[in-house]
Amino acid sequence: MIERNNELAERAAQVKEDLAEAARRVGRLPEDITLVAVSKLHPGSDIRALAQSGQVDYGESYVQEAMGKQEDLADLDLRWHFIGGLQSNKAKFVAGNFALVHSVDSRKLAQALHKKALERGVVQDILLQVSLAGEVQKSGITEEVLPGLADEVMEMDGVRLVGLMTMPPFFDEPELARPVFSRLRQLKDALERQLDTALPHLSMGMTGDFVPAVEEGATLVRIGTRIFGVRPPRV
Ligand SMILES: *Cc1c(COP(=O)(O)O)cnc(C)c1O
């Protein structure tokens, strides 16, 4: 147990060092970047272990699994991020139960979150997930659809748009993802002008590509494998 605590704390600390180094290289403050530890498919005991080192933010992709962990770990003060594909019929399990939903990719899903949040008397923070590299990505809206969807979302009181998320296809070479990250940043800047609203967040960068993501402006990086190791298969 103690061993696993130390191992996870050590790995997370190394990631944070790399994040800080990438931030400083481009004149950014390390504290402006939040490490979201992606714990999907890893046991709740790993989250409990890592939380001891002060890691607060965790990313989950599957509704049932996430709800189970939230219940088991309710004694801890954690911030949960929903980062996976979400069907609108499951929005009721998510609205109000996650600090941030990174993966909103349709009007229908935004609407479902908005309605549930209103019912619960909360406002759900969301990101719109944008797909920028063509057919390789299965989720996310195209950049052509983004301005219109953003306008619609701004009309929904139950959700608050706080930025954009993207997940590039896997590249062997992290530098190949850089144009995707810089494009997301441009889209965010354009959207801020369009909506006349600050959008503080860019969720981009995973184990293989977080360095260019931070250099291009990521405020949230979603890192799983580098911290927890290889994910067990989903059963
Ligand atoms: C699983 C997942 C991650 C983490 O990926 P790693 O390569 O393990 O760091 C990040 N973002 C999303 C959306 C994911 O589904």
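Residues numbered from 1 in each chain as written. Predicted model: local features only at pLDDT ≥ 70, side-chain atom pairs only at ≥ 80, totals over all residues. Heavy atoms only, no water.

Caption draft 1: Geometry of the nonpolar core. With 62 residues, the main nonpolar core has Tyr-58, Leu-113, Leu-128, Leu-164, Val-221 and Ile-227 as its most contacted residues. Discounting residues that sit within four places of it in the chain, Tyr-58 has contacts with Val-36, Ala-37, Ser-39, Ile-47, Leu-50, Ala-51, Leu-78, Arg-79, Trp-80, His-81 and Phe-228. Within the second largest apolar cluster, six residues are counted, among which are Val-36, Leu-127, Val-162 and Met-165. (Core = buried A, V, L, I, M, F, W, Y, C linked by side-chain atoms within 4.5 Å. Buried < 20%, exposed > 50% of the residue type's maximum accessible area, 1.4 Å probe, protein only. Contact = heavy atoms within 4.5 Å.)

Caption draft 2: How the structure looks around the layout of surface pockets. Taken as a whole, the second largest pocket holds about 190 Å³ of empty space. Together, Leu-41, Ser-61, Tyr-62, Val-63, Gln-64, Glu-65, Phe-82, Gly-85, Leu-86, Gln-87, Lys-90 and Arg-234 line the second largest pocket. A per-class count over the lining of the second largest pocket returns five nonpolar, four polar and three charged. (1 Å grid on protein atoms, 1.4 Å probe; cavity = no way out; pocket = protein on both sides within 12 Å on 5 of 7 lines; lining within 4 Å. Points joined across faces, edges and corners; volume = space filled by probe spheres on them. Nonpolar A, V, L, I, M, F, W, Y, C, P; charged D, E, K, R; others polar.)

Caption draft 3: Structural detail: the packing of aromatic side chains. Throughout the structure, instances matching the rule amount to two aromatic pairs. Judged by centre distance (6.3 Å) and plane angle (45 degrees), the rings of Tyr-58 and Trp-80 are tilted. Of this pair, Tyr-58 sits in strand β2 (residues 57-60) while Trp-80 sits in strand β3 (residues 79-82), and the two are 22 residues apart along the sequence. Here Tyr-58 and Trp-80 have matching classes, each one buried. Relative to Phe-98, the ring of Phe-82 has its centre 5.4 Å away and its plane inclined at 85 degrees; by these criteria the two rings are edge-to-face. (Phe/Tyr/Trp six-rings, centres within 6.5 Å; stacked < 30°, edge-to-face > 60°. Helix = DSSP H or I, 4+ residues; strand = E, 2+ residues; numbered from the N terminus.)

Caption draft 4: Structural detail: the pairing of β3. Both β2 and β3 contribute to a ladder of four bridges, which runs parallel. Bridge pairing links Tyr-58 to Trp-80 in β3. The pairing of β3 with strand β4 (residues 100-104) spans two bridges and is classified as parallel. By the bridge assignment, His-81 is partnered in β4 with Leu-100. (Pairing = 2+ DSSP bridges.)

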